[in-house]
Amino acid sequence: MKLLIKDVTIVTMLDNDQPFRGDILIEDDKIKEISSQVQEQADKVIQGNGKVAMPGLINAHQHTPMSLLKGFSDDLKLMDWLDKKMLPAENNMTPEDIYWGCKLSMAEMIKSGTTAFADMYVHMNEIAQAIDEVGMRASLTRGLVFFEDDKGRRLREAMELIEQWHGAAEGRITTMFGPHAPYTCPPEPLKEVIRLAEEKNLPIHIHLAETKEEIVKIRDKYNQTPTEYLYNLGLFEKSHVLLAHAVHLTRKDISYLVGMRGGVAHNPVSNLKLGCGIAPIVEMLNRGIHVGLGTDGAGSATTLDMFEEIKTATWLQKLDYGDPTQIPAKKAIQLATINSAALLNIDKEVGTLEIGKKADLILIDINKPHLMPHHNIESLIAYSVNGGDVDTTIVNGKVLMENRQLLTINEEELLQEAAVRAKRIVEGI
């Protein structure tokens, strides 16, 4: 199957490239040619006039089933949000709810230009099945908490996910180990997870220092910061690690992360909405630490539109430093593309538009009043585009949305299922 995108403005997201007009030829699941004019014939042609082609956005931290809890618990303090609303509602969710919640998230992500994501939740088999059907790319992890002795059940489920789904769905699904957070993972079980990750040569996805409360808990229990706690347990020695949030880091904490494989998934919208704080991503980037972007679950962020994360990430740092030159437009977009790809450990396959890479890309309709004129395309993408401007989404060479119509999800059925299930889940809470 050959797909040709003709006469489109191409934004590769490579450091030294500027936007240019040209054609993109996709053969099967890969980009075969990018040039001013492709001569080869194709099975399908998409006219790109008035559109921008760029790498698909990559959401580096998600809890997809929480889309069913969007708008259910807003404007609450974090512990009230979690204890009084989120946890009771999540306890009411069935495996089928999780399947449909994941699909609802994927529909929103596809329609707003996201092509890949990192997900941490439970009942991951249902999530993997939904991804397999819909066609997105994802890194999956079964969240692990060790509050009580569950006779190894959670860890067994994590291993089953890895054995069944790593490399599945035409290679679109990869897996990680997912110890939830320092405050939910005591030293001995966490050391066992680190050992298994090294043995299996798989990454680790973990929350870190999202709130001030976590800092106090770990300090009271271990007389360390959460980052010191992980460092002293050897988390950063051998494994590729995806750290979600990393809001409350000291300069010494940041020094522990220098040289690590992986990096930090910054979730600015969720962090702001929950009043958590502003992650020091400029200092991290200056120290050579990879920083990507994520939304967190829709239960906290209330949106999965990664263009909102791009805007918020750069605006926060400009405000925090009192310096409009911090995180310029191109860097902000790279956070959501190649940098996030690096966090998912898939940057050799996706994250930029290059010959030989997987064909994960989006087309943005820029023939709109709020995207006119076209002085600087990268500035428009970073500061003016929103998810509703995405016209076409392609993953692994397969068109998942064209002319804003989802092609692998029955949207009407999905909306009906989501409405019924969401209502039942929150009843009585």
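Residues numbered from 1 in each chain as written. Predicted model: local features only at pLDDT ≥ 70, side-chain atom pairs only at ≥ 80, totals over all residues. Heavy atoms only, no water.

Under an unreviewed UniProt entry, the name given to the protein is 5-methylthioadenosine/S-adenosylhomocysteine deaminase, and the source organism is Paenibacillus arenosi. Regarding the protein, the relevant UniProt record gives this comment under Sequence similarities (unreviewed entry): "Belongs to the metallo-dependent hydrolases superfamily. MTA/SAH deaminase family." (UniProt positions renumbered as here; feature names shortened; annotations may be inferred.)

A. Structural view of the packing of aromatic side chains. Under the defined criterion, the tally for this structure stands at 3 aromatic pairs. Taking the centre distance of 5.2 Å and the plane angle of 90° together, the rings of Tyr99 and Trp100 count as edge-to-face. The residues Tyr99 and Trp100 share a single accessibility class, namely buried. The ring of Phe72 carries the charged tip of Lys85 above its face, separated from the ring centre by 4.6 Å. (Phe/Tyr/Trp six-rings, centres within 6.5 Å; stacked < 30°, edge-to-face > 60°. Buried < 20%, exposed > 50% of the residue type's maximum accessible area, 1.4 Å probe, protein only. Lys NZ or Arg CZ within 6 Å of the ring centre and 35° of its normal.)

B. Seen up close, the side chain of Thr225. Summarising the element assignment, Thr225 is placed in the loop between α6 (212–222) and α7 (226–232). Side chain to side chain, Thr225 and Asp253 meet in a polar contact 2.7 Å long. Beyond its immediate sequence surroundings of up to four residues, Thr225 is in contact with Ile218, Arg219 and Asp253. (Helix = DSSP H or I, 4+ residues; strand = E, 2+ residues; numbered from the N terminus. Polar contact = N/O pair within 3.5 Å; in protein donor to acceptor, adjacent residues only side chain to side chain. Contact = heavy atoms within 4.5 Å.)

C. Representation of the nonpolar core in the model. Formed by 112 residues in total, the largest nonpolar core has its most connected members in Met106, Ile131, Leu140, Phe177, Leu230, Leu243 and Phe307. Sort the elements by how many residues they give to this core and helix α2 (residues 95–111) lands first, with 9 residues. Discounting residues that sit within four places of it in the chain, Phe177 has contacts with Thr141, Met159, Ile162, Val193, Leu196, Ala197, Lys200, Leu202, Pro203, Ile204 and His205. In this structure, Ile34, Leu361, Ile394 and Val399 belong to the second largest nonpolar core, which totals 16 residues. (Core = buried A, V, L, I, M, F, W, Y, C linked by side-chain atoms within 4.5 Å.)

D. Molecular detail of helix α17 (residues 411–426). Compared with the 22 Å implied by 1.5 Å per residue over 16 residues, the 23 Å span of α17 between its first and last C-alpha is a close match. Taken together, the buried positions of α17 are occupied by Leu414, Ala418, Arg421, Ala422 and Ile425. Down the axis of α17, the buried set is contained in an arc of 105°. They therefore lie on one face. Counted as exposed and oriented over 90 degrees from the buried face of α17: Glu412, Val420 and Lys423. (Expected span 1.5 Å × (residues − 1). Arc of directions from axis to C-beta.)

E. Looking closely at the packing of α2 against helix α3 (residues 124–134). Relative orientation of the contacting elements α2 and α3 amounts to 40°, with a least axis distance of 8 Å. Taken together, the axes of α2 and α3 are oblique relative to one another. Crossing of α2 over α3 shows right-handed handedness. Packed against α2, whose contacting residues are Pro95, Ile98, Tyr99, Cys102, Lys103, Met106 and Ile110, the element α3 presents Glu126, Ile127, Ala130, Ile131, Glu133 and Val134 at the interface. Class assignment of the residues belonging to the contact of α2 with α3 gives a composition of 10 nonpolar, no polar and 3 charged. (Axes fitted to C-alpha atoms, helices over the stretch in contact; angles between N-to-C directions. Parallel < 35°, antiparallel > 145°, perpendicular 65-115°, else oblique. Left-handed = near helix turned anticlockwise from the far one by under 90°. Nonpolar A, V, L, I, M, F, W, Y, C, P; charged D, E, K, R; others polar.)

F. Layout of the pattern of salt bridges. Taken as a whole, this structure holds 32 salt bridges when the rule is applied. The partner of Lys2 in a salt bridge is Glu40, with the nearest N and O atoms 2.2 Å apart. Here Glu40 lies in the loop between β3 (30–35) and β4 (44–47) and Lys2 lies in strand β1 (residues 2–10), a separation of 38 residues in the sequence. With a closest N to O distance of 2.9 Å, Asp389 and Lys368 form a salt bridge. Of this pair, Asp389 sits in the loop between α16 (377–383) and β16 (390–395) while Lys368 sits in the loop between β15 (361–365) and α16, and the two are 21 residues apart along the sequence. Owing to a relative accessible area of 3%, Asp389 belongs among the buried residues under this scheme. (Salt bridge = Lys/Arg side-chain N within 4 Å of Asp/Glu carboxyl O.)

G. Structural context of the UniProt feature "binding site: substrate" (unreviewed entry) in the protein. Here, UniProt's "binding site: substrate" (unreviewed entry) annotation points to Glu90, Arg142, Arg153, His180, Glu210 and Asp296. Spanning 207 residues, the annotated positions stay apart in the fold, the maximum distance between their C-alpha atoms being 26.6 Å. Within the secondary structure, Glu210 is located in the loop between β11 (204–208) and α6. With near-sequence residues (within four places) excluded, Glu210 lies in contact with His245, Val247, His248, Asn271, Leu274, Cys276 and Asp296. Of note, Asp296 is situated in the loop between β14 (290–293) and α12 (298–301). Residue contacts for Asp296: discarding those within four places in its chain leaves His61, Gln62, His63, Glu210, His245, Asn267, Ser270 and Leu304. A distance of 3.3 Å separates a polar atom in the side chain of Asp296 from a polar atom in the side chain of His63.

H. Highlighting the sheet that holds β11. The parallel open sheet is built from 4 strands, whose spatial order is β11-β12-β13-β14. Taken across any chain shown, the strands that pair with only one partner, and hence form the sheet edges, are β11 and β14. This sheet shows a mean twist of 30° between the axes of neighbouring strands, independent of strand direction. (Pairing = 2+ DSSP bridges.)

I. Molecular detail of unusual backbone geometry. In this structure, Pro373 follows Met372 across a cis peptide bond, with omega equal to 5°. Tracing the sequence through the fold places Pro373 in the loop between β15 and α16. Positive phi outside glycine occurs at Thr302, with the angle close to 70°. Mapped onto the fold, Thr302 is located in the loop between α12 and α13 (306–321).

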